Structure formats: structure tokens, C-alpha cells
Amino acid sequence: MSAELGQQLRGLRESVARLHGELTRYGLVAWTSGNVSARVPGQDLMVIKPSGIDYDDLAPENMVVCDLDGLVVEGDFAPSSDTAAHAYVYRAMPEVGGVVHTHSGYATAWAARGESIPCHLTAQADEFGGEIPIGPFALIGGDDIGKGIVATLAGHRSPAVLMRNHGVFTIGRDARAAVKAAVMCEDIARTAHLTRALGEPLPMAPADIDALYERYQNVYGQRSPSPASH
Ligand SMILES: [Zn+2]
């Protein structure tokens, strides 16, 4: 292994371990469920959570490095039982640099009923560009979950899919973006649940959803100055 790859893996082990703290901070996971992974840029490798380790004990040194077939390349622990699904997403979607899986309560309640979350909120238009879609039912173990995630998200604006009777998978350009999508998905699902409980949500015009999404994705937030401005 080159010194450069070793340094890259150390950095990703640290960031993936730390990002798991966001899943507990936002109440998205119970016991040892849920997982975060990151693609190793330029390599057919990923860094993922070990299976069955308490969240309090997750640390850079117990993260697992796998190839994109889910086989362990470096690490002392078995990787997450969802490794095959993460690996399938990285193989099929080269633009994806991070994947997150949770059974967060409100979003999973929509998944249990097989209902996508329609877009009735500006925050949902910003982050998801429309509905948060439902993916198929799939059993854990082979490529079925990964196939269902990719088939649902390919060509969709949403970085989150509600896998039927199961839970949430999110993608991002890196692991932090995928974690943000998981946090926002649960926030939206909760508000959508409360809205449905209170009555009928008001519709939003598709053109307004498009405009919000375009602005948020391209204008919102801190922009690093372009080289021309120096
Ligand atoms: Zn699961």
C-alpha cells in the first residue's frame, strides 16, 4: 500500500467513525443498527462501520476497509451486514461518495406502509427536489437491496429512498452529504406525518418545487470564492 493511500484511509476511517456520532445525535438509530460508509476516492474501496459494535465504541481503528465486492481488505472486524448494499451502490453509481442506512422512526413508518413522502414543504423541495420515493421490498444478503436502491434513485433528484418494510438509504457526494440527507429525511418524514395527522397538506406547484431546488442546490450556503475574485 502506498503512503498516499495509507494517509487517505486514515482520514476516511476518522471521518466515517466520527459521522456515526451524528446518527445518535439526531436519534436516527437504536442499539447497533444503522451504518455510514465512504468511498475511497480513486480506488475500488470503501470504509464502513463494523458489524455489531456499540456506537460509543466506534473509532477510526475499528472501521473496516472493503473492496467494492464487499470483501474485507483491511480491518480486524466483520463489516456491517449491509455492506453488500453499500458496495452495489458504489459499483453502480460512480458519482456517489457516501452511503448511509438507518431505520429512523418517522421515515421508516412511511416505508412500512409503502408510501412515498409527497413534497408539501419548501425544505423538502430544497433538499430532495420533490417526493422521497419508495423502493421495493428486498431481503438482506445479496444484491437485491442495492439493486432496489439504484433502480429507485437513478434519474431521481432525491438522495434518499425509503426501502419498503425496511428503512432509509441515502447517498451523497461524500459521507457527510449522505448523513445530512438521512437527518433531513427523518425531519421531513416527521413533519409530513404530523401534517397528515392534522389534515390534508396543501399542494405545491411543480414549478415552485423546481425553483426552490435549483436555488438551494446552486446558490444557498457559503460559496468558496472563485479564483477570478482574488
Ligand atoms: Zn436495515
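What this report covers is the structure whose coordinates are included nearby. (Residues numbered from 1 in each chain as written. Predicted model: local features only at pLDDT ≥ 70, side-chain atom pairs only at ≥ 80, totals over all residues. Heavy atoms only, no water.)

The strand order across the open sheet built from eight strands is β4-β3-β2-β1-β5-β8-β7-β6, with neighbouring strands paired in mixed fashion. For this open sheet the edge positions go to β4 (72–74) and β6 (134–135), each flanked by a neighbour on one side alone. Inspection of the sheet shows strand β5 (residues 98–102) paired to strand β8 (residues 167–172) by five bridges, in the antiparallel sense. For H101, the partnering residue across the bridge sits in β8 and is F169. Seen against the sheet, helix α1 (residues 3–25) touches β1 (35–39), β2 (45–48), β3 (64–67), β4 and β5 and runs at an angle of roughly 155° to β1. (Pairing = 2+ DSSP bridges. Helix = DSSP H or I, 4+ residues; strand = E, 2+ residues; numbered from the N terminus. Contact = heavy atoms within 4.5 Å. Axes fitted to C-alpha atoms, helices over the stretch in contact; angles between N-to-C directions.)

What follows is about the nonpolar core. Judged by nonpolar contacts, the single largest core of 25 residues is most densely connected at L23, V36, V40, V47, V100 and V179. When contributions to this core are tallied by element, the ones reaching two or more residues are α1, β1, β2 and α6 (175–198). Residue contributions to this core peak at seven residues, all from α1. If near-sequence neighbours (up to four positions away) are discounted, V40 is found in contact with L5, Q8, L9, L12, L45, M46 and V47. (Core = buried A, V, L, I, M, F, W, Y, C linked by side-chain atoms within 4.5 Å. Buried < 20%, exposed > 50% of the residue type's maximum accessible area, 1.4 Å probe, protein only.)

A separate point is unusual backbone geometry. When glycine is set aside, most residues are seen to have a negative phi, and most peptide bonds are trans. Phi is positive for W31, close to 50°, though the residue is something other than glycine. Its location among the elements puts W31 in the loop between α1 and β1. Residue N165 is not a glycine yet carries a positive backbone phi of 60°. Position of N165 among the secondary structure elements: in the loop between β7 (160–163) and β8.

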